[in-house]
Every structure is written in C-alpha cells, then in structure tokens.
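# Notes for the structure review
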Amino acid sequence: MALPKILKDFNLFGDGNNWQGQIPSLTLPELARRMVEYEGGGMEGPIEVDQGAQLQEFDWTAGGMIAEIFDSFGSPIHDAALLRMTGSYESDETGETVPVEIVVRGRHKTIAMGEASKGDNNTISVTTTVSYYKLTVDGEELIERDVPGMVFKVRGVDRYAQRRRNLGV
C-alpha cells in the first residue's frame, strides 16, 4: 500500500517578512495553459493549440492585521510583491518529508478587509496576480515562468529559448 505525501505544515514570507503563524490558508496558483481549437483542411477533427499560459492568481488569507501587505498595493510595477511559500509534505507510511517552495512575484489585485468584530479571528483575504512563478520540490526546480521575460522552464528545459532567439531577444 502507498500513502500520499500530505502537506503537514507551511509558512508564507512576504517581501522578506516572515509571517510564521499568521497565514491560516492559501490557494496556490493554478498551472493552466490557454488552448484554442483549430481544425484545418484534411484533418479528421479539431485539436487544441497551446497559446501560452493563462493568468495565474495566488489567493491567501492573513489572520489579523499584517501592515506590510499594503506596502506594494497599487504599485505601477508588475512584480512589486514577492511571496514565498515553503511547505513540508510528509508520508504517513515512511515518515519521509519533502520540502516544497513556491516563489511568486506580482501585484496585489485585491485586499479584502472582511468583517471586523470585537474578539473574533478577523482575516484579510488577498489576491495576488502572478508575473513570475517558480515551483521547487525537494531541491529540484520543476516549473519556472517569467511572463515578461518570456521564460517557461519545465525541469530545467527552457521551452521558449528558441522562440526568444528567433525574435532576437
């Protein structure tokens, strides 16, 4: 029998600030491709053609007030906010742990202050749009996306390197 490695704990760092114990939940950015249907003469049917990545968003919740969240809000710079999630996945079968790190750069699209009431666990919900994304599992870089730089790497292979050369960039 094999059991999955489960996320046992995580931490979020924002612009170099350690928010240990202050982030109760987060929704990691989805990896998705923008596909369009194409069917040409002589084809038996349509296929989907990859037109690049879809916009990524990182949704996360802060417990209580974290003033640093507002520092880059409204910035004209596309990658003003730096977020780094570190996680520890663990097997209940073997006890093996696997470190996972996700680094994103982008800007805060929304900061929802939520309901505030005396004595409650008030939260702030943030949606950060992503212009840079890197997923590292157990020390291996699995995915790296630099949207403005036109970089898309999977396990170290830059799938857009030839495109950049073709464009002279």
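Keep in mind the model is a prediction, meaning the values are calculated, not measured. Residue positions are counted from 1 within each chain, in the order its sequence is given. This being a predicted model, a pLDDT of at least 70 is required before a residue's local features are given, and a value of 80 or more before pairs of side-chain atoms are given or counted; all residues contribute to the totals for chains, interfaces and linings. Each side-chain value is worked out from all heavy atoms of the structure, with water and hydrogens disregarded.

## A look at the pairing of strand β11 (residues 151–154)
Stated formally: Criterion used throughout: strands pair if DSSP finds at least two bridges between them. In this description a helix means any DSSP run of H or I spanning at least four residues, a strand means any run of E spanning at least two, and both kinds are numbered starting from the N terminus.
Of the strand pairs in this sheet, strand β10 (residues 140–146) and β11 are connected by four bridges, and their pairing is antiparallel. By the bridge assignment, E144 is partnered in β11 with K153. Hairpin geometry of β10 and β11 is characterised by an intervening segment of four residues between the two adjacent antiparallel strands and by a positive phi of about 55 degrees at M150. With two bridges joining them, β11 and strand β12 (residues 157–158) adopt antiparallel strand pairing. Each bridged residue has a counterpart across the sheet, and for V154 the counterpart in β12 is V157. In this structure, the hairpin formed by β11 and β12 is closed by a connection of two residues, where R155 is found at a positive phi of approximately 50 degrees.

## Observations regarding the environment of Y38
Going by this rule: Relative accessibility decides the category of a residue: with a 1.4 Å probe and only protein chains considered, values under 20% of the type maximum give buried, values over 50% give exposed, and everything between is partly exposed. Residue contacts are defined here by distance: any two heavy atoms, one from each residue, within 4.5 Å place the two residues in contact.
Checked against the element boundaries, Y38 lands in strand β4 (residues 33–38). On the basis of relative accessibility, which here comes to 45%, the residue Y38 falls in the partly exposed class. Each C-alpha atom, one on Y38 and one on R164, is 24 Å from the other, the two residues being 126 residues apart in sequence. Y38 has contacts with M43, P46, I47 and V49, leaving out every residue within four places of it along the chain.

## Points about the side chain of Q56
Within the secondary structure, Q56 is located in strand β6 (residues 56–63). Since its relative accessible area comes to 2%, Q56 is described here as buried. Excluding residues that lie within four positions of it along the chain, Q56 makes contacts with P29, E30, L31, T128, T129, V130, Y133 and R145.

All we've got here are geometric facts, nothing functional implied.
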